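Take a look at the letters that make up each chain.
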There are 2 protein chains.
Amino acid sequence: MCPTGNKKTPTLADVAEAANVSAVTVSRFFRHPEKVSEAARGRIEQAVSELGYAPNAAASALASRRTNIIGLLVPSLTNNVFNDVLSGAFDEVQGTPYSIQIGNYRYRPSEEEALIRTFLHQKPLGLVIAGGNQTPAAAEMLRAADCRIVQIMDTEIDGIDMVLGLSHTEAAEAAVRHLRERGYQRIGFLGARMDPRSQNRLAGYHRAVADLDDPTDSRVFTTPEASSTELGGRLLSDLLAAMPDTDAVFCNNDDLAAGALFECQRRGMRVPDRLAICGFNDLEMMAQTCPPISSVRIFRHEMGRRSVRLMIEAVAGAGVERGLREDLGFEIVERASTRPR
Amino acid sequence: MCPTGNKKTPTLADVAEAANVSAVTVSRFFRHPEKVSEAARGRIEQAVSELGYAPNAAASALASRRTNIIGLLVPSLTNNVFNDVLSGAFDEVQGTPYSIQIGNYRYRPSEEEALIRTFLHQKPLGLVIAGGNQTPAAAEMLRAADCRIVQIMDTEIDGIDMVLGLSHTEAAEAAVRHLRERGYQRIGFLGARMDPRSQNRLAGYHRAVADLDDPTDSRVFTTPEASSTELGGRLLSDLLAAMPDTDAVFCNNDDLAAGALFECQRRGMRVPDRLAICGFNDLEMMAQTCPPISSVRIFRHEMGRRSVRLMIEAVAGAGVERGLREDLGFEIVERASTRPR
DNA sequence: GTGAAAGCGCTAACAA
DNA sequence: TTGTTAGCGCTTTCAC
């Protein structure tokens, strides 16, 4: 097997023998060190390091009928929003006995359902999933699941267990109000990948512009396609073609906002004099464009961290009750692209 | 346990009983369906779906002493380059019995070593890792590992097993030559996070400017910090302060290039008339900025896919020999930011 | 604080 | 093609 000719991977029993205790004691040593005498502990520690022992996760999972895996389901892996969430989640498991297993369902409910089924079969410690629009079958599996569930990204959902996120409706409404307060009156909406969170942002937009005298929706341009900078330019062109007097635009996300800015630069339209732009997510780049773009800051990394922390605390019996809701809020970050008129 | 009161998860034995065969036959049915008679197959299929059986991965791993996990170690989770690689890898395992387990070592060799140790202990199908500058201990573990290894991103490394990537030296050299061919003579280099691949890009730059009459390195500005758009602006400012006659700049990556462009816009410096800019990676946005930025296209998604495919073929005994090297190449994408003078 | 016995659900090797 | 036997390495009782 092993080209270097090591005998074989050491087992609990090997460690036990070397430390002059029984296998159970070694097992205990790893799970409840405080329940092992100081003397035994010392000998075990030494045996472990001498033999280079590492526990066999499969055997442990089989015997205990549970794993230390936290499943983390995301709709996309090529999206800065989820990357930051992932990164936060990985930061938080660092140094714990838990590990993260990622599932990517590519925004497809059927793949999400399949992944939930697969993950649940592995008896994970818990599942962290984005949002709440699972298929009915998936929702049922989650409800019946023998583990904790954290739904992240969005608080405007029917929660299954714990919920951690923000109100996208409120965040978008605040952003559009910000535009109004700065003196903009004919405000458009550009949206890509109209998932439930994006729909909520659109709802927030509608709430904020309700009393303007626009015919509703005449400045709303959305598409189900995936977001991109290129799309931002295209949607803005559509908007300006239909409603040339538009003086501000709120974008579903920062990619679109950047694309809209670049389109303005191409057309020689000054931002914000001719058109104000506000994005969503507040990616690092938004502060660097020329002019910098206002955006809605959300706490993606923190959401990843916190979801894992909640899970660990819940499982440790730290009294994290089902039904817990945590709103991480948002922040309107005002920059030159929405300077007062 | 389970709130819905299902008895318990069905096992192979339950399926076997329902299908009137022995457990081994059911096990065979999953691993080598062709070795099970048609009749048995039908009954097993039915029993499986009636009982909602799903194999217990831990038991399987314990019994067979191997898992279907492909470990994928990346230095960062907040980096478009690796996101695309991840995405490609996940696309390729889709529909196979294999799964991907991600490890994020945050550009820290010691964390990488720890992850390699952990992963190897799980008897993975194989490991896909970025590049080749592991710690000596990590390299030794990989060499001795009882599984296949694919090193991706870079072909200019001492390969352990399979290698899949591109020559960053050649790619950078080609990019800088491109600038020279377009008439630029005083070419700078901006670099962040100077990992081995970035070092190679710098080497390629040096190769391409060797016969210009610059004192070597006077136009090279690098930093070990993580890359960002903000940093691109900062490094460009440093370069221009030191060498104001610089007429072109090759950036380590596209974030820096975008930051450099924005800095030029802030200063009212025309691109490319006053300064040409070339990036690296060719992110989607580069085609959209104003002017669009030339870049070096590399095949990140394909690299992720191909690494998984190679691994699967190698394990299936498809004769993928150790020592295999595959160069995915690169492409200079010329845009307005490097228009000929 | 420690250990003996039993078994988690599966697969390898062999036999029929 | 199918089945029997014997574990894989750990954790769970429960007794001491």
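Residues numbered from 1 in each chain as written. Chains lettered and ligands numbered in written order. Predicted model: local features only at pLDDT ≥ 70, side-chain atom pairs only at ≥ 80, totals over all residues. Heavy atoms only, no water.

Identification of chain A as Transcriptional regulator, LacI family from Tranquillimonas rosea is taken from an unreviewed UniProt entry.

On to the protein's contact with DNA strand D. Taken together, the neighbourhood of DNA strand D is formed by 23 residues, with Leu12, Ser27 and Tyr53 of chain A together with Val24 and Ser37 of chain B sitting nearest. Here the atoms of DNA strand D within 4 Å of the protein split so that 61% fall in sugar or phosphate, with bases taking the remainder. At 2.8 Å from a phosphate oxygen of DNA strand D is found a side-chain nitrogen or oxygen belonging to Arg31 of chain A. Here a phosphate oxygen of DNA strand D sits 2.9 Å away from a polar atom, N or O, in the main chain of Ser22 of chain B. (Near = heavy atom within 4 Å. Polar contact = N/O pair within 3.5 Å; in protein donor to acceptor, adjacent residues only side chain to side chain.)

This paragraph deals with the protein's contact with DNA strand C. Around DNA strand C, 24 residues are found, and the nearest of them are Arg28 and Ser37 of chain A together with Leu12, Ser27 and Tyr53 of chain B. Here DNA strand C approaches the protein such that, of its atoms within 4 Å, sugar and phosphate make up 67%. Ser22 of chain A places a polar main-chain atom, nitrogen or oxygen, 2.9 Å from a phosphate oxygen of DNA strand C. Put simply, the parts of the chain that give the surface near DNA strand C at least two residues each are helix H2 (23-31) and helix H4 (57-64) of chain A together with helix H2 (23-31) and helix H4 (57-64) of chain B. Counting residues per element, the surface near DNA strand C draws most heavily on H4 of chain B, at four residues. Considered class by class, the residues forming the surface near DNA strand C number twelve nonpolar, eight polar and four charged. (Helix = DSSP H or I, 4+ residues; strand = E, 2+ residues; numbered from the N terminus. Nonpolar A, V, L, I, M, F, W, Y, C, P; charged D, E, K, R; others polar.)

Going through the model one piece at a time under the given rule, you end up with eleven aromatic pairs over all chains. Centroid distance Phe189 of chain A to Tyr205 of chain A: 5.3 Å. Interplanar angle 55 degrees. Geometry classified as tilted. One end of the pair, Phe189 of chain A, is in strand S6 (residues 187-191); the other, Tyr205 of chain A, is in helix H9 (residues 196-209), and 16 residues separate them in sequence. Seen from their ring centres, Phe250 of chain B and Phe280 of chain B are 6.3 Å apart, and the 75 degrees between their planes marks the pair as edge-to-face. Here Phe280 of chain B lies in the loop between strand S9 (276-278) and strand S10 (295-297) and Phe250 of chain B lies in strand S8 (residues 248-251), a separation of 30 residues in the sequence. Overall, Phe280 of chain B belongs to the buried group, its relative accessible area being 0%. An aromatic cluster is present here, built from Phe189, Tyr205, Phe250 and Phe280 of chain A joined pairwise through their rings. Over the ring of Phe280 of chain A we find Arg201 of chain A, and its NZ or CZ is 4.1 Å from the ring centre. (Phe/Tyr/Trp six-rings, centres within 6.5 Å; stacked < 30°, edge-to-face > 60°. Buried < 20%, exposed > 50% of the residue type's maximum accessible area, 1.4 Å probe, protein only. Lys NZ or Arg CZ within 6 Å of the ring centre and 35° of its normal.)

On to the domain arrangement of chain A, then. Segmenting chain A into domains produces domain 1 (12-55), domain 2 (64-166 + 300-329) and domain 3 (168-298 + 332-338). Measuring from the centre of the C-alpha atoms in domain 1 of chain A to the corresponding centre in domain 2 of chain A gives 34 Å. (Domains from an automatic or database assignment.)

Our focus in this paragraph is the sheet that holds strand S2 (residues 99-104) of chain B. All names here are of chain B. Strand order across the open sheet formed by six strands is S2-S1-S3-S4-S5-S11, with parallel pairing between neighbours. The two strands at the open ends of the sheet, each matched to only one other strand, are S2 and strand S11 (325-327). Across this sheet, the average inter-strand angle for adjacent strands is 15 degrees, counted without regard to direction. Contacts from helix H12 (residues 300-315) reach strand S1 (69-74), S2, strand S3 (126-130), strand S4 (148-154), strand S5 (162-166) and S11 within the one sheet, and its direction differs from that of S4 by about 160 degrees. (Pairing = 2+ DSSP bridges. Axes fitted to C-alpha atoms, helices over the stretch in contact; angles between N-to-C directions. Contact = heavy atoms within 4.5 Å.)

Residue and element names in this part refer to chain B. Reading across the sheet, the four strands line up as S7-S6-S8-S9 and stay open at both edges, with parallel pairing between neighbours. The strands lining the two open edges of the sheet, one partner per strand, are strand S7 (220-223) and S9. Taken over all neighbouring pairs, the strand axes of this sheet differ in orientation by 15 degrees on average, direction set aside. Across the sheet, helix H10 (residues 229-242) lies against strand S6 (187-192), S7 and S8, angled at about 145 degrees from S6, the strand it touches most. Helix H11 (residues 254-267) contacts S6, S8 and S9 of the sheet and is inclined by roughly 160 degrees relative to S9.

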